[in-house]
Every structure is written in structure tokens, then in C-alpha cells.
Amino acid sequence: MRGAETAIAFAQLLIGGGIGFVMHRADFCFAGTFRDLFLLQRRTMIRALLLLVVALTGLQAFGYLLGLFAYPFPLFGPPSLANLLGGIMFGVGMVLAGGCVVGTLYRLGAGSFLAMVTVAGLVGGSLIYAEVDRWWAKAVVALKLDVGAITLAQLLPVAPWVVAGGAILLLAPLLVAWGRNGSMSVAHGPEGYIQPWLAALLLAGLIFLSTLAAGLPPGVTTTYTKMGGYLLQAVSSPHLAAIPFFQREPLNFTHALSGLAIVGGAGPRLDGIALVQFPLMVGIVAGGSVSAWRLGEFRFYLRAPQRQVVSALVGGTVMGFASRIAPGCNIWHIAGGLPILSLQSILFVVGLFSGAWLGTRLLLGLVLRPDRSSQAGKE
Amino acid sequence: MDEEKTDLRMFDIRGQICPSTLLVALREINRHRAALRDGSMALLFITDNRDSTVTIPEAAENMGYRAEVRKVGHHYEVEIGNHP
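Each chain has its residues counted from 1, following the order in which its sequence is written. Chains and ligands are labelled sequentially in the order written, the chains with letters from A and the ligands with numbers from 1. Reporting of local features is limited, given that this is a predicted model, to residues whose pLDDT is at least 70; pairs of side-chain atoms are given and counted only at 80 or more, and all residues count toward the totals for whole chains, interfaces and linings. No hydrogens and no water enter the side-chain calculation; it runs on all heavy atoms of the structure.

## Digging into the overall build of chain B
What chain B contains, in helices and strands, is three helices and four strands. Segments assigned H or I by DSSP are reported as helices when at least four residues long, segments assigned E as strands when at least two residues long, and all are numbered from the N terminus. When the elements of chain B are put in sequence order from the N terminus, they spell out β-α-α-β-α-β-β. Over its C-alpha trace chain B gives a radius of gyration of 12 Å, about what one expects of a compact globule, namely 12 Å for 84 residues. Dimensions of chain B along its principal axes, counting C-alpha atoms only, are 35 × 25 × 15 Å. Exposed residues in this analysis have more than 50% of their type's maximum accessible area, buried residues have under 20%, and partly exposed residues fall in between, with area computed by a 1.4 Å probe over protein chains only. Across the 84 residues that make up chain B, the buried fraction comes to 60%. Of the contacts made within chain B by residues no fewer than 6 positions apart, 65% connect residues no fewer than 24 positions apart. Our radius of gyration is a C-alpha quantity, and the globule rule it is checked against amounts to 2.2 Å times the number of residues to the power 0.38. Two residues form a contact once any of their heavy atoms are found within 4.5 Å.

## What to know about the confidence of the model for chain B
What pLDDT conveys is the predictor's confidence in a given residue, as a value from 0 to 100. Confidence in the prediction for chain B averages 89 pLDDT; 94% of positions are at 70 or higher. Summarising per-element confidence for chain B, the mean pLDDT is lowest in helix H1 (residues 18–31) of chain B (88) and highest in strand S2 (residues 41–47) of chain B (95).

## Structural notes on helix H3 (residues 52–62) of chain B
Turn by turn, an α-helix covers 3.6 residues, leaving residues three or four places apart pointing in a common direction. Residues and elements named next belong to chain B. Counting buried positions over the eleven residues of H3 gives eight, a clear majority of the element. Where H3 is concerned, the buried positions are Ser-52, Thr-53, Val-54, Thr-55, Ile-56, Pro-57, Ala-59 and Ala-60. The elements touched by buried residues of H3 are H1, S2, strand S3 (66–72) and strand S4 (75–81). Positive phi appears at Gly-64, one or two residues downstream of H3, with a value of about 95 degrees.

## Some thoughts on the interface of chain B and chain A
Facing 34 residues of chain B, the contacting portion of chain A comprises 41 residues. Using a 1.4 Å probe, buried area is obtained as the accessible area two parts lose upon being combined, added over both of them. Taken over both partners, the interface formed by chain B and chain A buries close to 3,000 Å², and the fraction arising from carbon and sulfur atoms is 54%. By the criterion of area lost to chain A, the three top residues of chain B are Ile-17, Arg-50 and His-74 of chain B, representing 24% of everything that side buries. Each reported salt bridge corresponds to a side-chain nitrogen of Lys or Arg within 4 Å of a carboxyl oxygen of Asp or Glu. At the junction of chain B with chain A, the criterion picks out four salt bridges. We note a salt bridge from Glu-297 of chain A to Lys-71 of chain B, for which the minimum N-O separation is 2.9 Å.

## Looking at a nonpolar patch on the surface
Residues and elements named next belong to chain A. Residues forming no salt bridge and having over 30% relative accessible area are the ones grouped into patches, like charges within 9 Å of each other and nonpolar side chains (Val, Leu, Ile, Met, Phe, Trp, Tyr) within 5 Å. Accessibility throughout is a Shrake-Rupley quantity obtained with a 1.4 Å probe, and a residue counts as covered only by protein chains that appear here. A grouping of Phe-10, Leu-13, Leu-14, Phe-278 and Val-282 is seen on the molecular surface, where their side chains present a nonpolar patch of about 470 Å² in accessible area. Listing elements by their share of the nonpolar patch, those giving two or more residues are helix H1 (3–26) and helix H12 (272–295). Tallying contributions element by element places H1 first for the nonpolar patch, with three residues. Structurally, Leu-13 can be placed in helix H1. For Leu-13, a relative accessible area of 34% corresponds to the partly exposed category.

## Description of the state of the cysteines
A disulfide bridge is the covalent bond that connects two cysteines by way of their sulfur atoms. Residue and element names in this part refer to chain A. What counts as a disulfide here is a pair of cysteine sulfur atoms lying within 2.5 Å. Applying the stated criterion to the full structure yields zero disulfides over all chains. There is no disulfide at Cys-100, and the cysteine sulfur nearest it, in Cys-29, is 6.4 Å away. The structure places no disulfide on Cys-329, whose sulfur is separated from the nearest cysteine sulfur, that of Cys-100, by 6.9 Å.

## A few points about the pairing of strand S1 (residues 251–254) of chain A
Residues and elements named next belong to chain A. Burial of S1 is one-sided: the residues Leu-251 and Phe-253 facing one way are buried, the residues Asn-252 and Thr-254 facing the other way are not. When DSSP locates at least two bridges between a pair of strands, those strands are taken to pair. By the bridge criterion, four bridges tie S1 to strand S2 (residues 261–264) in an arrangement that is antiparallel. Within the sheet, the bridge partner assigned to Phe-253 lies in S2 and is Ile-262.

In C-alpha cells:
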């Protein structure tokens, strides 16, 4: 591994550690944020999430104005109704799983059995997508929206910083008011708790550093697909070779800070995707573990109700499949695409709200039915 | 209220997906609201879900109850009762 690659991998590992640590301390769960908005009309975390997006809007504008990374980021393309559909499916999946693709990682680090089940689902869902990709690739052509732009700034068209500055000016007074009246803080919390507003700012800083280190926003889902690819390779190498999805390398860009060509795809190879995503994932798991160990809260707890285990598996599978359709996960779109007002990400987030609502209905109706959940509580 | 006369009901809801712990708590708070109001009962939820130590007290306090969070070993105890 060359020097630049080592530096990127090491930086992603450390930044991932920070992200996992902060997320565990604050239990900054993206799935819970959307779910609780519909389930409990609880708005504390969605406000904090908006703070994170607005902070990243400013930081990323600073980054591309200085030429620290490309605008728009690699892998973002013109919008498609597939982004909306992927967002809906992803929203359903993350609520059923009880965590998104990154929330699952910090909980895995803290010893969550249900998170392990969700990871199995994510790998399985990615593999199911790989099997149907050749048909989906044909269908997706019809879903493309021919608007000739990737971001809102390109659509208008205005300079990117104008849109970023406008969004910040519009939302900053609201965020300041929420900060002053305590709408982004909570009264009670566990040991070592980080208030939502502070966690949002810390995560925004860490995500910006990761974007700087990798040259593109944090994402982890292609690595789940790679894991599936390695499994498939172990079972049937000829079958893997016959799937075009595993041969493609959609990531192909020049890293602005190092000049390194970063090329990669979903196939079971140690390529550019593995370089930027795998150390980040390991870091998030490790960060969750360190936080839990230091609090004395690390513990494998296997006594989850059967219905919830099935829900975690189904949710993970749906998320794994959705992340290939979207394409990308909630972190990629909310913390990467939304701050540059990517049209793909706007559609994904609209879908995510709808999917989280639908997922909450399914969770209440099928998974947490009162007659069943009463078995979970031991009186 | 005299502590000795308070019936403390315990619910072990460790190891479950996020909203389940809160939903169990809300159901039990509503089921025992009369006894909670007159102080003859308090509820104790044992959870390993950090989020529950935020959401259960928040929901209970919004309903006018007293909420206390304690860390015990690897997990947390959330006690819900009437104000003294």
C-alpha cells in the first residue's frame, strides 16, 4: 500500500472511531430520528439532524470553494425516480431493523445481537440485488428524470455557494432559536451522554474530515455488498464471474489532496471502495466498542423476542437491497448529498420520510403488537 | 407517600429494538395510571437501551409523573412514580 493510501485508510479509521464513539454516547440514531417523529411526534432529534445538515452545508461549501474536493461529489448523478423508491424502501428497512447502516455498526460495537442480525440482512439484501441487477439496470433507464443537472445549483443555474449560503441564511435563525430554548437538548440522559445539538456539531465536523480524507462523503453500503461478493466467491466463483454488477467499477475519480486515482466497485476486491469504506466501518464499530467498554455497558444480550429478531433480519435485507437501488444510504444522502442540494438526495430524503412512516406502521402492526410485546416484559 | 406502602413493579426490557422499550413503558404507565397517581405504585423499567433513558422519562414527565434514571451495573433503571 502506497503512502497516500495508508494515510487515507488510517484517517478513515480514526474518523470512524470518532463517529462511532459520538453516535454511541448520544445514541444518535438516524432511524430513531425519523421513526420517533411519526411514532411519538418527538422533534428533538430531527432538529439536531437539521443542525448537522446545515453545519455540513457550510463546511462543504468551504471545502469545494477551496478545491479540497470535487463539486458535485463522485458517484452523484442526475436524479431518477429510483432515488425516491430507494429512499422509501430504505426508510421501511431502517425502522424495521431499529437502526440504519451506520447505527447498526456502532450498536454492533457495543455488543448488540440485533445489530449482528441486521448486518446479516444487509449482506443478504445486497446479494439479492446483485442477482436482479441485470433486470433492474434496464428498468432504471425509464425512471431517469431528464433535467440536465445533478444539484439544485446546476438546475437554477447559480453558483453552488449561492444555494449553500441561501439555505444557511434561511435556516440559521430557526436553529439559533431552537438552541436558545433548549429544543435540541434533553433533560435526562445515560452516563456519558452527549446532548443532541453537540453530537450534531461533532458529527458534522467528523463527517467533513472524512469527506476531506476520502474525497467523497461517508458511505458504507457498498462494503456490505463486497462482503456478499466474498461469500458468493467462496460458494461459486463462476456464478460470481457471471454477474456483471460485481465486475463494474462506478467509482473512478482523482483524490484532490493526493492526486491518487481511486477506482472501485462492489466486487470482492481490495479496491478504492474498500480503501475509503472498510477502515471507516471498522472505526465506527471500534468507536462504539470503546465507548461502551469505558462506560461498562458492553454486553452481548441474546434475549431479544423472536419477532424482533425477524424484524431486524427483514429490515436489514430491505435496507441492503434499497441501498443499491437508491443508490447509497441515509448517511451518504443526508450528510453528503443534501448539503450540496443534490437532486438525487432530495428525492431520497422525501422517500425516506415516507418509508419511515410506512415502516413505523408496520412496526406497530406486525412487530410490536401489544399481545406479543407483553411477552417481552417480565413483571 | 410512605415508601413501604409503595408497590414497585419491575419490567425487564433489556435486549430489545429501540421503540419497544418505550412502548412497553407507555403501555404500563397507562395501565397503572390510577395507582401511579395516588402514589400506591411505582414502575421500574430495566433497560440496556441508552435511548430509553432519555425517551421514557421525557414521556412520563410530559404526562405529569416523576422520573428517575439510575445506572446499575451494565444497565439502567428508570423509575416512574408520582411526585412526593
